Amino acid sequence: LTRDDVIAERVGVRPLAVAGDAAGRDWVQLSRKHEIEVDQSRRYLSIFGGKLTDCLNVGEEIVSLVGALGIGPGDAERVWYGEPPLSKRAAFIAAASQLSLDEYTPPGSDVPLTQLLWRRYGNDAFLVLESLKADPGGLAPLFSGVALISAELDVLLTREMVVKPEDLLRRRTMAALMMPADELTASEGFARLVSRLAQAEAAK
């Protein structure tokens, strides 16, 4: 690989949680730690650091600490994190099956298209189905090598507050990281994106 093979870069910043003096400490090890600061009097806590891959462990700590503050955990069987009722999910799966959606799972996705849409949009996945009923051509990939179908575009623009192309290409999807810029801007999906953004701006 050479520099010519690099098509995009991404940079992130993660806080390093340090208890006491960090002098002489290995920052790589620090980056993997998290600290939970608890204010007993106000029943308030803050989480510093941590990793996505450690989120379940952090969650268990939080439940324990919150319990010590006198706040019990919710019903473990209850639908959580904003997910719609299971009956809605079943209705979506049934409707999607009638369109044989899983046969059009985008290349590169290890999750069937039906599950992919439900995970991304919840109830709004029904809007994708309506779009597909009106235009079956929406099953075509939006961008080559990216697990998105064209019918998702309108839902993405509405849900994800996309106002500029880079909002979708860099921050809401991985398109800009998976396609060279010249191929991306020359694609039909990019032309459709720009057109829809222009329509939205003209309608304001």
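Up top is the structure.
Asker: Break down the nonpolar core for me, with residues and values.
Answerer: Counting 32 residues, the largest nonpolar core has Leu101, Leu117, Val128, Phe143 and Leu169 as the members making the most contacts within it. Counting only elements with at least two residues in this core, the list comes to helix H3 (86-98), helix H4 (113-121), helix H5 (125-134), helix H6 (153-159), helix H7 (165-172), helix H8 (175-178) and helix H10 (188-202). Other than its neighbours up to four places away in sequence, leucine 101 contacts Ala96, Leu113, Thr114, Leu117, Leu129, Leu132 and Leu139.

Asker: An account of unusual backbone geometry is needed here, citing residue identities and associated values.
Answerer: The phi torsion at arginine 43 lies on the positive side, around 50°, for a residue other than glycine. Inspection of the secondary structure assignment puts arginine 43 in the loop between strand S1 (34-39) and strand S2 (44-49). Assessed through its relative accessible area of 49%, arginine 43 is described here as partly exposed. Not every positive phi belongs to a glycine, and methionine 161 is a case in point at roughly 55°. With respect to the helices, strands and loops of the structure, methionine 161 is situated in the loop between H6 and H7. For methionine 161, a relative accessible area of 67% corresponds to the exposed category.

Asker: Provide a residue-level description of the side chain of glutamate 152, including the pertinent values.
Answerer: With respect to the helices and strands, the residue glutamate 152 is situated in the loop between H5 and H6. Leave out the neighbours within four places in its chain, and glutamate 152 touches Leu117, Arg120, Tyr121 and Ala147.

Asker: How would you sum up helix H2 (residues 55-68)? Please name residues and give values.
Answerer: Taking 1.5 Å per residue, 14 residues should reach 20 Å; H2 reaches 20 Å between its end C-alpha atoms and fits that length. Positive backbone phi, approximately 90°, marks glycine 70, located one or two places after H2.

Asker: Before we move on, could you go through the environment of aspartate 110 and cite the residues and values that matter?
Answerer: Position of aspartate 110 among the secondary structure elements: in the loop between H3 and H4. With 37 residues separating them along the chain, aspartate 110 and alanine 147 place their C-alpha atoms 9.6 Å apart.

Asker: Describe the packing of aromatic side chains, with residues and values.
Answerer: Following the criterion strictly, the structure yields three aromatic pairs and no others. Here phenylalanine 92 and phenylalanine 126 contribute two aromatic rings whose centre-to-centre distance is 5.6 Å and whose plane-to-plane angle is 85°, an arrangement assigned as edge-to-face. Highlighted residues: phenylalanine 92 in helix H3 and phenylalanine 126 in helix H5, separated in sequence by 34 residues. Look at phenylalanine 126 and you get partly exposed, because its relative accessible area is 25%. An aromatic cluster is defined as three or more aromatic residues linked by ring pairs; in this entry it consists of Phe92, Trp118 and Phe126.

Asker: Hey, could you go over the pairing of S2 for me, with residue numbers and the actual values?
Answerer: Here S1 pairs with S2 via six bridges, running antiparallel. Note on S2: the bridge partner recorded for isoleucine 36 is isoleucine 47. What sits between S1 and S2 in their antiparallel hairpin is a turn of four residues, with arginine 43 showing a positive phi close to 50°.

Asker: Could you give an account of the packing of H7 against H10, naming the residues involved and the relevant values?
Answerer: Two numbers describe how H7 lies on H10: the axes approach to 9 Å, and their chain directions differ by 130°. Taken together, H7 and H10 sit at an angle that is classed as oblique. Residues Pro165, Leu168 and Leu169 of H7 lie in contact with H10, whose contacting residues are Phe190, Leu193, Val194 and Leu197. Tallied by class, the residues present in the contact of H7 with H10 amount to seven nonpolar, no polar and no charged.

Asker: How would you explain the packing of H3 against H4 if you had to name every residue and give the values?
Answerer: At a minimum axis distance of 10 Å, the contact between H3 and H4 shows a crossing angle of 140°. As judged from the angle between their axes, H3 and H4 are oblique. With respect to the hand of their crossing, H3 and H4 are arranged in right-handed fashion. Every residue of H4 that contacts H3 at Lys88, Arg89, Phe92, Ile93 and Ala96 is listed here: Thr114, Leu117 and Trp118. Considered class by class, the residues forming the contact of H3 with H4 number five nonpolar, one polar and two charged.

Conventions we followed
Residues numbered from 1 in each chain as written. Predicted model: local features only at pLDDT ≥ 70, side-chain atom pairs only at ≥ 80, totals over all residues. Heavy atoms only, no water. Core = buried A, V, L, I, M, F, W, Y, C linked by side-chain atoms within 4.5 Å. Buried < 20%, exposed > 50% of the residue type's maximum accessible area, 1.4 Å probe, protein only. Helix = DSSP H or I, 4+ residues; strand = E, 2+ residues; numbered from the N terminus. Contact = heavy atoms within 4.5 Å. Expected span 1.5 Å × (residues − 1). Phe/Tyr/Trp six-rings, centres within 6.5 Å; stacked < 30°, edge-to-face > 60°. Pairing = 2+ DSSP bridges. Axes fitted to C-alpha atoms, helices over the stretch in contact; angles between N-to-C directions. Parallel < 35°, antiparallel > 145°, perpendicular 65-115°, else oblique. Nonpolar A, V, L, I, M, F, W, Y, C, P; charged D, E, K, R; others polar. Left-handed = near helix turned anticlockwise from the far one by under 90°.

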